Amino acid sequence: MKGAFILSKLSVFLWSDLIFTCLLTWINVGISDSLIILPAILAQAGILSLIMSLTGFFCAVLLSDFKQFSLFYLILAVFASAPVFLAGQTGVSWKWLAWHPMHHLFTAMKSAYFGKTAASFPYYLVCMGAIAILFYGACYMLARETAKEG
């Protein structure tokens, strides 16, 4: 039952993110040019949407009020994405960035927009594993919180 609740929330976020991705891609690339690259872009946007939605859900259940949630999520987003964005857009090269999970997501999304092969099978396997772990963690946290509430 808890899994169905989380899946219902995830589906809303996923569909809205995919629609938003289509619209932004069509506006920025053009409808005719985007038809070729859109499947790879939607796959990457779906992976990113699920990971971020589950992380946000996990944090929302774990943290007690909105101030804690927003501060933690802001810090998480800044520290997770800032080094990756700087390296991807400015050409800065850090060796440790190869171990940063967001670097691989960013690189796959950027490659998809340029029509290159987005990622390999192990990449997708790791992403699905991360999504499964986050989903299980969200279900566990929701069950724990609802048990506390009675």
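Structure shown above.
Criteria and cut-off values
- Residues numbered from 1 in each chain as written.
- Predicted model: local features only at pLDDT ≥ 70, side-chain atom pairs only at ≥ 80, totals over all residues.
- Heavy atoms only, no water.
- Helix = DSSP H or I, 4+ residues; strand = E, 2+ residues; numbered from the N terminus.
- Expected span 1.5 Å × (residues − 1).
- Buried < 20%, exposed > 50% of the residue type's maximum accessible area, 1.4 Å probe, protein only.
- Contact = heavy atoms within 4.5 Å.
- Axes fitted to C-alpha atoms, helices over the stretch in contact; angles between N-to-C directions.
- Parallel < 35°, antiparallel > 145°, perpendicular 65-115°, else oblique.
- Left-handed = near helix turned anticlockwise from the far one by under 90°.
- Disulfide = S-S within 2.5 Å.
- Phe/Tyr/Trp six-rings, centres within 6.5 Å; stacked < 30°, edge-to-face > 60°.
- Patch = residues over 30% accessible without salt bridge, like charges linked within 9 Å, V, L, I, M, F, W, Y side chains within 5 Å.
- Areas by Shrake-Rupley, 256 points an atom, 1.4 Å probe, with all protein chains shown as cover.
- Salt bridge = Lys/Arg side-chain N within 4 Å of Asp/Glu carboxyl O.

Which parts of the structure should I look at to understand helix H5 (residues 121-149)?
For the α-helix, the turn length of 3.6 residues means that residues three or four positions removed from each other point alike. Taking 1.5 Å of rise per residue, the 29 residues of H5 would be expected to cover 42 Å, and the 42 Å separating its terminal C-alpha atoms lies within 8% of that figure. Burial in H5 covers these residues: Tyr123, Cys127, Ile131, Gly137, Ala138, Cys139, Met141, Leu142 and Glu145. Turning to H5, the residues buried within the fold contact helix H1 (2-29), helix H2 (31-62) and helix H4 (101-113).

Looking at this structure, how should I read the packing of H2 against H4?
How two helices sit against one another is set out by the angle between their axes and by the gap between those axes. Between H2 and H4, whose axes approach to 8 Å, the crossing angle comes to 160 degrees. On the basis of the axis angle, H2 is roughly antiparallel to H4. Classified by chirality, the crossing of H4 by H2 is left-handed. Contact with H2, carried on its side by Ile37, Ala40, Ile41, Gln44, Ala45, Ile47, Leu48 and Ile51, involves Met102, Leu105, Ala108, Met109, Ala112 and Tyr113 of H4 and no other residues of that element.

Can you help me understand the state of the cysteines in this one?
Linking two cysteines covalently through their sulfur atoms gives a disulfide. Going through the model one piece at a time under the given rule, you end up with zero disulfides. Cysteine Cys22 shares no disulfide, and the gap to the nearest cysteine sulfur, in Cys127, comes to 19 Å.

Quick question: what am I supposed to make of H1 here?
With 28 residues, H1 should reach 40 Å at 1.5 Å per residue; the first-to-last C-alpha distance of 40 Å fits that figure. For H1, every residue scored as buried is listed here: Gly3, Ile6, Leu10, Leu18, Thr21, Cys22 and Thr25. Residues of H1 that are buried make contact with H2, H4 and H5. Positive backbone phi, at 105 degrees, marks Gly30, one or two positions downstream of H1.

How should I be thinking about the packing of aromatic side chains in this particular structure?
To describe a pair of aromatic rings, you give the distance between the ring centres and the angle between the ring planes. On inspection of all chains with the given rule, the structure shows two aromatic pairs. Here Tyr123 and Tyr124 contribute two aromatic rings whose centre-to-centre distance is 5.2 Å and whose plane-to-plane angle is 70 degrees, an arrangement assigned as edge-to-face. The exposure class assigned to Tyr123 is buried, which follows from its relative accessible area of 11%. Taking relative accessible area as the criterion, Tyr124 reaches 28% and is therefore assigned partly exposed.

Mind showing me how you'd approach the side chain of Ser49 here?
Its location among the elements puts Ser49 in helix H2. For Ser49, the contacting residues outside a window of four places in its chain are Phe13, Leu14 and Asp17.

Just to check I follow, could you spell out a nonpolar patch on the surface for this structure?
Taken together, the side chains of Trp15, Ile19, Phe20, Leu23, Leu24, Trp26, Ile27, Ile31 and Leu35 present a nonpolar region at the surface, about 970 Å² in accessible area. Listed by contribution, the elements that provide at least two residues to the nonpolar patch are H1 and H2. Structurally, Leu23 can be placed in helix H1.

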